[in-house]
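Each chain, written out:
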Amino acid sequence: MKTRITELLGCEYPIIQGGMAWVAEHTLAAAVSNAGGIGLIAGGSAPIDYLRDQIRKCKEKTDKPFGVNIMLMSPNAEDLAQLCIDEKVAVVTTGAGNPGKFIPAWKEAGIKVIPVIPSVALARRMERAGADAVVAEGTESGGHIGENTTMCLVPQVVDALEIPVIAAGGIADGRGIAASFMLGAEGVQIGTRFLAAEECQIHPTFKELVVKAKDTDSVVTGRYTGHPCRNIKTKFSKKLAGGEKDGSLTPEQFEEITLGSLRKAVVDGNVEEGSFLCGAIAGMVNDVKPCAEIIKEMAEQAEKLLKI
Ligand code: TUI
């Protein structure tokens, strides 16, 4: 499975862990990198001292390359972007915005820059701005999403760009990797499967919701706020979806009750008030195992299907 992505990032497998806010901390990132993928620590809305500490702890746990995801809607994005330079992080991925203004400084520092994008137009802009690769993320993904599906988006982004494309959204086993390669992708970004990794530090209730989820157990909320997010169906997410549909929750009220809800899900396992962000593929994730096993199994299955 050697591609331009394994070459670019210096990893064994072209498998990048999703930069899941609150979820992706150093234990998970180090485990993914040690297993031959690229682990990511999520900047999310974290303070700079937290992220610095996480990066340093990750360096203690692995000598393999790992990255940081910068969530561009964070009020700290500017400081976190500079921290990646100061800490000489190998790879930066970005989400929820246009990272154009940060790209020159990251490139100057030798950081590999991989924006996550939901459209061909933004992918083109990122290539022109100097990105090394892009993650084309379909609406099957968990968290903040665009409208296009992985199946439609990936081949169109592949056709539009010269730089390598990483597919994301709805990929949780070797079949998904092989399918992504058939669409022209040279790597995959995987989030939901790693929610059920042994090394993933989320609350046990969150893991249980993922493992028990069926094909129909994800729901998109918040379209009317301009920030649609895919979640696991819970009492809370159904209340949000219902309030959005029948008009009983204004966008302002929606924003107010979802403030802090990622932490409530990930740290507290609070099903009354937490947003359990998760991809539509959760129905296929049925067991908890170490990252090394997850990665080895999916890579072997993909190689067999692709007859590598
Ligand atoms: O960013 C993600 N997934 C995320 S971020 C997140 S934290 C959050 N929580 C609540 C509201 C919003 C964010 C949870 N999950 N994936 C990558 C991604 N990027 N998906 C969509 C986009 C995106 C959307 C619009 C990228 C750029 C964009 O427009 C940029 C522009 O200015 O043209």
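For the structure given in this document, a descriptive report is provided here. Along each chain, numbering runs from 1 in the same order as the chain's sequence is written. Selection of residues for local features in this predicted model requires a pLDDT of at least 70, selection of side-chain atom pairs for listing and counting requires 80 or more, and totals for whole chains, interfaces and linings are taken over all residues. Side-chain measures here rest on the full set of heavy atoms in the structure, leaving out hydrogens and waters.

### Focus on the side chain of Gln189
For helices the rule is a DSSP run of H or I covering at least 4 residues; for strands it is a run of E covering at least 2, with both sets numbered from the N terminus onward. Within the secondary structure layout, Gln189 lies in strand S9 (residues 187-190). For every residue, the accessible area obtained with a 1.4 Å probe (protein chains only) is divided by the maximum for its type, and the residue is called buried under 20%, exposed over 50%, and partly exposed between those limits. What makes Gln189 buried here is its relative accessible area of 10%. Whenever a nitrogen or oxygen atom comes within 3.5 Å of another N or O atom, the pair is scored as a polar contact, on the condition that within protein one atom can donate a hydrogen and the other can accept it, and that pairs from neighbouring residues in sequence are kept only if both atoms are in side chains. Side chain to side chain, Gln189 and Glu137 meet in a polar contact 3.4 Å long. Ignoring anything within four residues of it in the chain, the contact list for Gln189 reads Ile16, Gln17, Gly18, Val116, Val135, Glu137, Ile166, Ala167, Ala168 and Gly169. Whether two residues are in contact is decided by their heavy atoms, any of which lying within 4.5 Å being enough.

### Concerning unusual backbone geometry
One non-glycine residue with positive phi stands out, namely Trp22, at about 75°. Within the element layout of this structure, Trp22 appears in the loop between strand S1 (15-17) and helix H2 (26-34). Despite not being glycine, Lys88 has its phi angle at roughly 50°, a positive value. Relative to the helices and strands, Lys88 resides in the loop between helix H4 (77-86) and strand S4 (91-95).

### Describing the layout of surface pockets
Put simply, the second largest pocket is a space of about 210 Å³. The definitions used throughout rest on a 1 Å grid laid over the protein atoms alone, on which a cavity is an enclosed set of points accommodating a 1.4 Å probe that cannot get out and a pocket is an open set flanked by protein within 12 Å on both sides along at least five of seven lines; lining residues are those having an atom within 4 Å of a point. If you trace the second largest pocket, you find 16 residues lining it, with Thr150, Gly169, Gly170, Ile171 and Gly176 closest to the centre. Those elements that provide at least two residues to the lining of the second largest pocket are helix H7 (150-160) and helix H8 (174-182). With four residues, H8 is the largest single contributor of residues to the lining of the second largest pocket. In this classification, the charged set is Asp, Glu, Lys and Arg, the nonpolar set is Ala, Val, Leu, Ile, Met, Phe, Trp, Tyr, Cys and Pro, and all remaining amino acids, among them Gly, are polar. For the lining of the second largest pocket, the per-class residue count stands at eight nonpolar, five polar and three charged. Grid points are joined across faces, edges and corners, and a volume is the space filled by probe spheres set on the points.

### Concerning the sheet that holds strand S6 (residues 134-137)
Backbone-to-backbone hydrogen bonds join strands into a sheet, with any given pair of strands oriented parallel or antiparallel. Spatially, the eight strands line up as an open sheet ordered S1-S9-S8-S6-S5-S4-S3-S2, and their pairing is parallel. On the outer flanks of this sheet lie S1 and strand S2 (39-42), each paired with one strand and no other. Taking the axes of each pair of neighbouring strands and ignoring which way they run, one obtains an average angle of 25° across the sheet. Lying over the sheet, H7 contacts strand S5 (112-117), S6 and strand S8 (165-168), oriented at roughly 150° with respect to S6. At least two bridges found by DSSP between two strands is the condition for calling them paired. Here the axes come from fitting lines to C-alpha atoms, over the contacting stretch only for helices, and the angles between their N-to-C directions go from 0 to 180 degrees.

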